[in-house]
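Residue-level listing of the chains:
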Amino acid sequence: MAHSDKKMLSIFLTNTCNLDCVYCYAHNDPDNMQIMSKEFAFWGVEYYYNEYIVKHGFDKRIRFYGPGEPTTQFALMKDIATYAKKIWGEDAQIEIQTNGCFSDTVLDWIEKNADNVWISCDGLPKIQNMNRPFFKTHNPSSPVMEKNIKKLSLSKHCVVGIRSTITKLNVNEQIENIQYFYSLGVKYVWVDTVFPGVGDDVKKFEYLDMDNFVDRFLEATKYADSLGMEYRTFFTCNFDKCTNMHCRACYPVPHLTTDGYLSACDMALFGAEDNHMKALIYGKWNPETATVEYFYDRLNKIRNRKIENLPHCLKCSANQYCGGYCLGETLNETGSLFGHKAIVCHAIRRLNKELPDSLRKYTYKHP
């Protein structure tokens, strides 16, 4: 199944984080702490059940995500997960995207209750600790993360995978990073090249050499396969099935924000901010009436974001295995939902041509 088939309810629990990643696209303000209201989260669980699971057969999957570190609101996360299983049934799936730096108490709960946990890690400790130090202290994060990964990799219930950002520091060390992840017991790794944060000056951003990334990735993914691992890139997330849209954002499937909005995408993190990302914000929660006001003009535009409405995609040899690429990145870097992130197109076409069929299959779709 293509990544566009991965449909789930995403909960942005908080904007606070215990790490201080150098390239974080959220650019959080530590003096403006936001936490998801339980009432909004419970409404979202019921809404997703009635409008998406019952009516359309979407996945019974709840996902805890950023813009901060979800495990810093552990009690709230547990309450929401419990409520989802109550409403959806015990077969509801729990997915967590985390930086992996949490306590033994959180670790024990995740091991017993989560089905998938994706840990953001950039590889070898020297790189991880430079890119993702602890907040304020800037102490290394790799010792805590390694301990938690090793424990989760032995779990019979929870599958642990890695979500890794490729920068200049690790683009040429992808095989070494695979060896490192393998030593921790990890079998599933998804990588994405670094991109500008929301609000960054795109003209000043220095992108990776995409041909070099593809060269090193092709070597690495074949090496990983020899170890029984899956090493994949976001560029190829739809390569296992033809699609005319990139991801769940195109439906859209709800992402609940900390400030009480419905977002289509992981990169549209705050509804109250009046910036270019508001094109992906399609509803506002009213706590007094416990209802949502929908922005139907935005909804219609989001739903029209398909290959047939993207002129630059029409003649592309990889269009059905890409779906127009990431909505959030494209909007952030071009100012338009229907824009063209040209820097990745050549890489995607190369991968479509050069990646063997055996490496286009995924046990777990990317986070």
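Here goes a summary of the coordinates provided. (Residues numbered from 1 in each chain as written. Predicted model: local features only at pLDDT ≥ 70, side-chain atom pairs only at ≥ 80, totals over all residues. Heavy atoms only, no water.)

Right, let's get into the nonpolar core. Of all hydrophobic cores here, the largest spans 116 residues; its most connected members are Ile-62, Phe-64, Ile-110 and Leu-280. Residues within four places of Phe-64 in sequence aside, it is in contact with Ile-11, Leu-13, Pro-70, Met-77, Ile-80, Ala-81, Ile-94, Glu-95, Ile-96 and Gln-97. (Core = buried A, V, L, I, M, F, W, Y, C linked by side-chain atoms within 4.5 Å. Buried < 20%, exposed > 50% of the residue type's maximum accessible area, 1.4 Å probe, protein only. Contact = heavy atoms within 4.5 Å.)

This next bit is on the packing of aromatic side chains. Under the counting rule described, the total for this entry stands at 24 aromatic pairs. Centre to centre, the rings of Trp-43 and Trp-285 are 5.6 Å apart; their planes meet at 50°, and the pair counts as tilted. Placement of Trp-43 in helix α1 (residues 38-56) and of Trp-285 in strand β10 (residues 281-286) is noted, with a sequence separation of 242 residues between them. Judged by relative accessible area, Trp-43 falls into the buried class, the value being 15%. For the pair Phe-239 and Tyr-321, a centre-to-centre distance of 6.3 Å together with 75° between the ring planes defines the contact as edge-to-face. With Phe-239 in the loop between β7 (230-233) and β8 (255-256) and Tyr-321 in the loop between α8 (296-303) and α9 (327-334), this residue pair connects regions lying 82 residues apart in the sequence. With a relative accessible area of 2%, Phe-239 lands in the buried category. Overall, the relative accessible area of 27% leaves Tyr-321 in the partly exposed class. Clustering of aromatic rings is evident, with ring pairs tying together Phe-40, Trp-43, Tyr-47, Tyr-48, Tyr-52, Phe-58, Trp-88, Tyr-251, Trp-285, Tyr-294 and Tyr-296. When the ring centre of Phe-58 is taken as reference, the NZ or CZ atom of Lys-7 above it lies at 4.9 Å. In this arrangement the basic side chain of Arg-360 is found over the ring face of Tyr-321, its NZ or CZ atom lying 5.1 Å from the centre. (Phe/Tyr/Trp six-rings, centres within 6.5 Å; stacked < 30°, edge-to-face > 60°. Helix = DSSP H or I, 4+ residues; strand = E, 2+ residues; numbered from the N terminus. Lys NZ or Arg CZ within 6 Å of the ring centre and 35° of its normal.)

Turning our attention to the pattern of salt bridges. Overall, the coordinates contain 23 salt bridges when judged by the stated rule. With a shortest N-O distance of 3.8 Å, Asp-5 and Lys-7 are connected by a salt bridge. Residue class for Asp-5 comes out buried when judged on its relative accessible area of 11%. Among the residues examined, Lys-7 registers a relative accessible area of 12% and is labelled buried. Linking Glu-329 and Lys-341 is a salt bridge whose minimum nitrogen-to-oxygen distance equals 2.5 Å. On the criterion of sequence distance, the pair formed by Glu-329 in helix α9 and Lys-341 in the loop between α9 and α10 (342-354) is long-range, its members being 12 residues apart. (Salt bridge = Lys/Arg side-chain N within 4 Å of Asp/Glu carboxyl O.)

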